[in-house]
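Structure at a glance
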Amino acid sequence: MDLPLIWYMVIGVSVMMYAVLDGFDLGVGAIYLLFRKDQERRILLNAIGPVWDGNEVWLVIVLGGLMAGFTPVYAALLSGFYTPTMLLIFFIIFRAVAIEFRSKKEERYWRQFWDGVFCFSSIAMAFLLGVGVGNILLGVPLSSDQSFVGSLALFFRLKALSIGVCAVALFTMHGTNYVCMKTRDEIRNRAKAIGFASVLLFFLVYLIITLDVIEEAPWMLEPFYRYPFLSIVPVGAFCSICLIPYCLHKNCFGYAFIFSSLSILFLLSLFGIGTFPYLLRSSQDLEHSLTIYNTASSEKTLMILITIAVIGVPLVIAYGYCVYRIFRGKVALDKQSY
C-alpha cells in the first residue's frame, strides 16, 4: 500500500475543499465594498455567516496534514516564509473579528471601519495564498539538508505575485456567483454585472500566467506529454470558465456557481499533476527537492493519520452538508442576523 501517496491525496482533496468553500467567502469579501448600503452589506455577511468558519476547517486539515505526514515540507515552508505565514494568520484573525464585531454598534464609522477590515483581509488572504501556490509551482532554493536558503524577497517575486492576482480574480469570480445564487433583485443584478467583469479579468490574468508558466516552469507540461489523456483536465478548466458567463446571462446562478467550483477543482488538479511527486521543488538542485516519498513520516504514523482521516473527514463533510442544507435558499434578514 502506497501510504505517502494516499496521504498526499487526502491533503490534495482538503486543499480543493478549502479553495472551493472558503474561496467564495473570500470572493464575497473582495466585492463587499462595491455594495454601499448598510442593508446590502448585511445581506452579504449573512450569505456567508452560517458557513464561513466551518469552511476554514479544511485549511487546518491541510496544515495539520503537512505537519504530521510530511514534516520536512512543513518545516521548510514555514521557516522560509515565516513572515507571509504570520501575515496570513493575522488576516484570518482580523477577518473573523470584522465579521463578528461589525454589527455590534450602529455607528456609521464603526461599521465602515470593520467593513474595510473585512474587505482588505479577504483580498489579502486570497493574494497571499495565491503567491504561496506560485512559489511552490516555481520552486524555491533548498540546501542538501532540505532547508530553505532563500530570502523573504523571493516570496514576492513578480511571477509569484501574478499568480496571487490570479487567485484574487478567481475567488472574486467564485464569490460573485455565490452572491447571485443567494440574493435577489438589486443585489443580485449588481453581483451579476460584477460577475461578468470578474470572469473577463480572471481569464486575461490566467492567460498571461499560463504563458509565463510555460516559459518559467516547463516541467508542468511534461505529464501531459507523457499521458495525453490528462489533457481532459485543462480542457475541463477552460470549458468550465467559458460556461460561467453563459449561465449568468441565462440567470442560471446555481449552475454558474457549480462551474466556478469545477474551474477551481480543475485548476488545482493541473497544479497537482504538474508538480507531482514534488511537494517543494528545489530551484538550485533538483536532488534537494522535497517529494512525497523522501519527506513522508513512518508507515505506522501514516497509517494512524489515515485512520483518523477516515473517521474525521466524513464527519466534517457531514457537518458541512447539514449546515448548507439548513441554510439553503435566499438570504433574509431578521433580528438574529449580522
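Everything that follows concerns the structure shown earlier in this document.
Analysis parameters
- Residues numbered from 1 in each chain as written.
- Predicted model: local features only at pLDDT ≥ 70, side-chain atom pairs only at ≥ 80, totals over all residues.
- Heavy atoms only, no water.
- Salt bridge = Lys/Arg side-chain N within 4 Å of Asp/Glu carboxyl O.
- Helix = DSSP H or I, 4+ residues; strand = E, 2+ residues; numbered from the N terminus.
- Buried < 20%, exposed > 50% of the residue type's maximum accessible area, 1.4 Å probe, protein only.
- Phe/Tyr/Trp six-rings, centres within 6.5 Å; stacked < 30°, edge-to-face > 60°.
- Core = buried A, V, L, I, M, F, W, Y, C linked by side-chain atoms within 4.5 Å.
- Contact = heavy atoms within 4.5 Å.

**Quick word on the pattern of salt bridges**
Opposite charge on two side chains allows them to pair when their charged atoms are near. Within the structure shown, the criterion is met by 9 salt bridges. In this structure, the salt-bridge partner of Arg111 is Asp38, at a minimum N-O distance of 2.9 Å. Of this pair, Arg111 sits in helix 7 (residues 108–138) while Asp38 sits in helix 2 (residues 38–48), and the two are 73 residues apart along the sequence. You can call Arg111 buried: its relative accessible area is 13%. Of the residues examined, Asp38 reaches a relative accessible area of 33% and is grouped as partly exposed. For the salt bridge of Arg190 with Glu186, the shortest nitrogen-to-oxygen distance reads 2.9 Å. Pair noted here: Arg190 and Glu186 are both in helix 10 (residues 185–216), with a separation of 4 residues, about one helical turn.

**Points about the packing of aromatic side chains**
Tallying each qualifying case throughout the model produces 18 aromatic pairs. Where Phe24 meets Tyr178, the ring centres are 4.0 Å apart and the plane angle is 20°; that geometry is what we call stacked. Residue Phe24 is located in helix 1 (residues 3–30), and its partner Tyr178 is located in helix 9 (residues 158–182); the two are separated by 154 residues in the primary sequence. Judged by relative accessible area, Phe24 falls into the buried class, the value being 1%. Here the aromatic rings of Phe113 and Trp114 are separated by 4.9 Å at their centres, their planes lie at 75°, and the arrangement is edge-to-face.

**Structural notes on unusual backbone geometry**
The omega torsion across Phe276 and Pro277 is 5°, close enough to zero to call that bond cis. Locating Pro277 in the fold gives a position in the loop between helix 13 (253–275) and strand 1 (278–280). The phi dihedral of Asp185 falls on the positive side, at around 50°, and the residue is not glycine. Locating Asp185 in the fold gives a position in helix 10. Phi at Asn251 is positive, roughly 60°, even though this residue is not glycine. Inspection of the secondary structure assignment puts Asn251 in the loop between helix 12 (232–249) and helix 13. Assessed through its relative accessible area of 45%, Asn251 is described here as partly exposed.

**With respect to the nonpolar core**
Formed by 100 residues in total, the largest nonpolar core has its most connected members in Trp7, Phe70, Tyr178 and Phe202. It is helix 1 that provides the largest number of residues to this core, a total of 12 residues. Not counting chain neighbours up to four residues away, the residues in contact with Phe70 comprise Pro4, Trp7, Tyr8, Ile11, Gly65, Leu279, Ile292, Thr295, Ala296 and Ser297.

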